[in-house]
Amino acid sequence: MSLLGLVMAGSLAGRSLLRGIAMAALGLLVSTVGFAQNTGFPSYDLGRWTYLWDGIPIVPLVLGMFAVPEVIDLLLRRGTISREAMQTVGGVYSGFADTMRHWWLLFRCSVIGTVCGMVPGLGGIVAEWLGYGHAVNSAKDKSMFGKGDVRGVIAAESATSAQKPGSVLPTVAFGIPGNASMAVMLGVFFIIGLKPGPEMMNEKLDLTFLMVWIVVVANVIAAGLCLGLQRWMIMICFIRPTVLAPIILAFMVVGAALATTDVGDVVMFAVFGLLGYICRRADWPRVPFIIGVVLGHLAEIYLFISVERYGISFTYNRPIVILIEVLIFAALAMPLYRRFLRAPGDYVRGMS
Amino acid sequence: MPALRSFTWWVGLGLGAIGLYAVVVASEWGVGGRLFPWFAGGLLLAAVLAHTVLGLARGVDSEVEPEATEGGPVPRAWRLKVYGWVIVLVLLVPLLGHLVAVPLFVFAFMAANGERLWLSAAVAVATLAFLYFVLQGVVHVDLPRGLLAEWLR
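Scoring rules and cut-offs
Residues numbered from 1 in each chain as written. Chains lettered and ligands numbered in written order. Predicted model: local features only at pLDDT ≥ 70, side-chain atom pairs only at ≥ 80, totals over all residues. Heavy atoms only, no water. Helix = DSSP H or I, 4+ residues; strand = E, 2+ residues; numbered from the N terminus. Rg over C-alpha atoms; globule rule 2.2 N^0.38 Å. Buried < 20%, exposed > 50% of the residue type's maximum accessible area, 1.4 Å probe, protein only. Contact = heavy atoms within 4.5 Å. Areas by Shrake-Rupley, 256 points an atom, 1.4 Å probe, with all protein chains shown as cover. Lys, Arg positive; Asp, Glu negative; His and termini not counted. Charge placed at Lys NZ, Arg CZ, Asp CG, Glu CD. Expected span 1.5 Å × (residues − 1). Salt bridge = Lys/Arg side-chain N within 4 Å of Asp/Glu carboxyl O. Buried area = accessible area lost by both parts, 1.4 Å probe. Polar contact = N/O pair within 3.5 Å; in protein donor to acceptor, adjacent residues only side chain to side chain. Nonpolar A, V, L, I, M, F, W, Y, C, P; charged D, E, K, R; others polar. Axes fitted to C-alpha atoms, helices over the stretch in contact; angles between N-to-C directions. Parallel < 35°, antiparallel > 145°, perpendicular 65-115°, else oblique. Left-handed = near helix turned anticlockwise from the far one by under 90°.

S.K.: Sorry if this is basic, but what is going on with the overall build of chain B here?
M.R.: For chain B, the count of helices and strands is 6 helices and 2 strands. Computed over its C-alpha atoms, the radius of gyration of chain B comes to 23 Å, more than 25% above the 15 Å expected for a compact globule of 153 residues. Based on the C-alpha atoms only, the size of chain B along its principal axes is roughly 60 × 50 × 30 Å. Of all 153 residues assigned to chain B, the portion counted as buried reaches 41%. Put simply, of all contacts in chain B between residues at least 6 apart along the chain, 53% involve residues at least 24 apart. Carbon and sulfur atoms provide 71% of the accessible area of chain B, an area that totals close to 8400 Å². Once the 9 positive and 9 negative side-chain charges of chain B are each reduced to a mean point, those two points are 6 Å apart.

Written out as structure tokens, the structure is:
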């Protein structure tokens, strides 16, 4: 399943499937840094640098890969974030209309998010990228993704929002937290004397629905606040880059250091900032890399368990595995097939 | 060969080198330890190899949005200056610690790039206040100490 997610992530690459797969594989490699989950020995710790023993934190990595290239680009352009003069604030209704127009995408990505929430350990980032990946893969015209296509926003936001209530279900019904915040909530359950399980679905069903309503009301309040404050938030787009860029850079460095409050966070922020900038300038996709890092931990542990339990025969003896392999093959073949249909003589070139 | 002039193609070779390093280092570990790194490194090497060979044979299909200021292409001096400022920040923070380096960077960057001194100072002080009172005082985040402070202690 992790490999299927990675192949789907690789196909997000847009222009080159091979570059997408290579970046996803690089993400898998980065996820192996630290104590190996199945042996307990440190891997790739660059000469016993103890900071790396816990693995590379995701916050400096994501900030480096995505935010640093954007800030450098903002500085190089010497213009404000928005290249157009500030007009009267609008677009609320068109945003609502866009969401309604893409209601089927909204529904599909909400289902993806809910399922991701139910699976312990997957979390919001995976839901977000899987939703986005689904939107890209299912769109006929992919040219505007990454350049402000509203479908990308709808997909990622609906998946990540649906993931939260989805993660409530295994926590309440089975006592299995879907993510870190649910683990904290589970702790609170025990403190106040609540016992997750069938009881929460029968005698204490009112409490379960209270949680559902809290998620709904909190989202409505957050949306109302954002709409009320949008006039002031938009002004950020018109601040001069010589004022805005140092503040963003400074707070990114601070944000990166909040992961483990170690100097190593800043080093990782710099390293992945450089990698992110190179990837952006060289048209190597960064999204598959992040998905590789996120899914790598799961993929590593389950590959080890499968090989230990069944040997290599699990790849051709188990019907579900064979089904997933067919899906992987289809996910690899479909972009090539579509490219071949578009330009029969040019499909090999599209690989590279 | 057009591929040799493509930055995208050369980046592929760099990533291949990382994959090769990962596979070689992992070969010293036990089967359980090297299983996944070999799988991921092998996948990376295979994809990069195919990319490299296809790039040589058919050219590299890449599309990078050209960087441009409102007045035309980005001047080389300005580009180097921007890279320099980013490098200064990531060197200053481990050396001096966040509390000193971050406001200092904000002030120096703004002042050096034509912003008024009072505005530069005000933004730097506001940044320091946020770090000290909100992050350290309220949220109790213990920001890492600078290496210089560690050496002097």
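S.K.: Looking at this model, I keep getting lost on the overall build of chain A. Mind explaining?
M.R.: Looking only at helices and strands, chain A has 16 helices and 2 strands in total. The 352 residues of chain A split such that 45% are buried. For chain A, the computed accessible surface area is about 17700 Å², with 70% contributed by carbon and sulfur atoms.

S.K.: Which parts of the structure should I look at to understand helix 5 (residues 117-138) of chain B?
M.R.: Each α-helix turn comprises 3.6 residues. Residues three or four places apart therefore point the same way. Taking 1.5 Å of rise per residue, the 22 residues of helix 5 of chain B would be expected to cover 32 Å, and the 30 Å separating its terminal C-alpha atoms lies within 8% of that figure. Leu119, Ser120, Val123, Ala124, Thr127, Leu131 and Leu135 of chain B are the residues of helix 5 of chain B that are buried. Among the structural elements, helix 11 (241-257) of chain A together with helix 4 (98-112) of chain B are those in contact with the buried residues of helix 5 of chain B. Once helix 5 of chain B finishes, His140 of chain B follows within two positions and takes phi at roughly 60°, a positive value.

S.K.: Teacher, can you tell me more about the pattern of salt bridges here?
M.R.: A pair can form between side chains of opposite charge whenever their charged atoms are brought close. All names here are of chain A. Tallying each qualifying case throughout the model produces 6 salt bridges over all chains. A salt bridge links Arg101 to Asp98; its shortest N-O distance comes to 2.3 Å. Taken as a pair, Arg101 and Asp98 lie in helix 4 (residues 92-101) at a separation of 3 residues, close to a single helical turn. Taking the relative accessible area as the measure of exposure, Arg101 reaches 55% and is therefore exposed.

S.K.: How do you make sense of the interface of chain A and chain B when you look at a structure like this?
M.R.: Interface size is often expressed as the accessible area that is lost when the parts come together. Opposite the 65 residues of chain A that make contact, chain B presents 73 residues. Summed over both partners, the interface of chain A with chain B comes to about 6000 Å²; 74% of that surface belongs to carbon and sulfur atoms. Inspection of the region where chain A meets chain B yields 1 salt bridge. The salt bridge partner of Arg240 of chain A is Glu115 of chain B, with a shortest N-O separation of 2.7 Å. Linking chain A with chain B are 10 residue pairs in polar contact (both at pLDDT 80 or more), by the criterion used here. Contributions of two or more residues to the side of chain A that touches chain B are made by helix 2 (17-31), helix 3 (58-77), helix 11, helix 12 (263-282), helix 13 (287-310) and helix 16 (347-351) of chain A. In the side of chain A that touches chain B, the residues fall into 39 nonpolar, 13 polar and 13 charged.

S.K.: Where do I start with the packing of helix 3 (residues 76-96) of chain B against helix 4 of chain B in this structure?
M.R.: Describing two packed helices takes the angle between their axes plus the distance from one axis to the other. All names here are of chain B. Running from N to C, helix 3 and helix 4 point in directions that differ by 155°, and their axes come no closer than 8 Å. In terms of axis orientation, helix 3 runs roughly antiparallel to helix 4. You can see that helix 3 and helix 4 cross each other, and the crossing is right-handed. Contacts between helix 3 and helix 4 pair Trp85, Leu89, Leu92, Val93 and Leu96 from the former with His98, Val100, Ala101, Val102, Leu104, Phe105, Ala108, Phe109 and Ala112 from the latter. Taken together, the residues of the contact of helix 3 with helix 4 sort by class into 13 nonpolar, 1 polar and no charged.

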